[in-house]
Amino acid sequence: MKEIKFIAQASRDEPAFMVTIVKEESNLTARCTCPEGGVGHICRHRLSILSGDDQMVISDNAAELRVVEAWVVWSDIGILIARLAQAQWRLQQVKQDAERSANSFDTAYEEVRTIKRLLVQAIND
Ligand SMILES: [Zn+2]
């Protein structure tokens, strides 16, 4: 069994938590001491570290993220993290498309209202 611990902090105004990554044979587990870190949830501390991102790591062993990255690549977690990143990217695209559509709708709706108002004026004058 191999184990690596990191201290992770999502932002300066939030407390720091301990993330423990354990590799046993081909099985990889990640635990976090934060309130969202319980069973049934994936907190951003674990997700960040499992993604190989050093932004949240405040312990002096950020270099060990490369080891975790190698473990993740060869586990089922690696595939799911890659899929999650793709799905999040697609969600972002759909959100942007929806915002553009909403703006187009507002513009078209305003144009119809303006023309109707002009038409009413023209008919009544
Ligand atoms: Zn956490």
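Residues numbered from 1 in each chain as written. Predicted model: local features only at pLDDT ≥ 70, side-chain atom pairs only at ≥ 80, totals over all residues.

**Describing the sheet that holds strand E2 (residues 17-24)**
Either a parallel or an antiparallel arrangement is found when strands of a sheet pair, and the pairing is made through backbone hydrogen bonds. Read from one edge of the open sheet, three strands run E1-E2-E3, paired in antiparallel fashion. The open sheet has two edge strands, strand E1 (2-8) and strand E3 (27-32), and neither has a second partner. Across the sheet, the mean angle separating the axes of adjacent strands is 15° when strand polarity is ignored. Judged from the six bridges that link them, E2 and E3 form a sheet pairing that is antiparallel. Within the sheet, the bridge partner assigned to Thr20 lies in E3 and is Arg31. (Pairing = 2+ DSSP bridges. Helix = DSSP H or I, 4+ residues; strand = E, 2+ residues; numbered from the N terminus. Axes fitted to C-alpha atoms, helices over the stretch in contact; angles between N-to-C directions.)

**What to know about helix H2 (residues 65-73)**
By the burial criterion, the buried members of H2 are Leu65, Val68 and Val72. Looking straight down H2, one finds its buried side chains confined to an arc of 55°; they lie on one side. (Buried ≥ 20, exposed ≤ 12 C-beta atoms within 10 Å, placed from the backbone. Arc of directions from axis to C-beta.)

**Looking at the domain arrangement of the protein**
Here the domain parsing of the protein yields domain 1 (1-74) and domain 2 (83-125). Here domain 1 and domain 2 have C-alpha centroids that lie 42 Å from each other. (Domains from an automatic or database assignment.)

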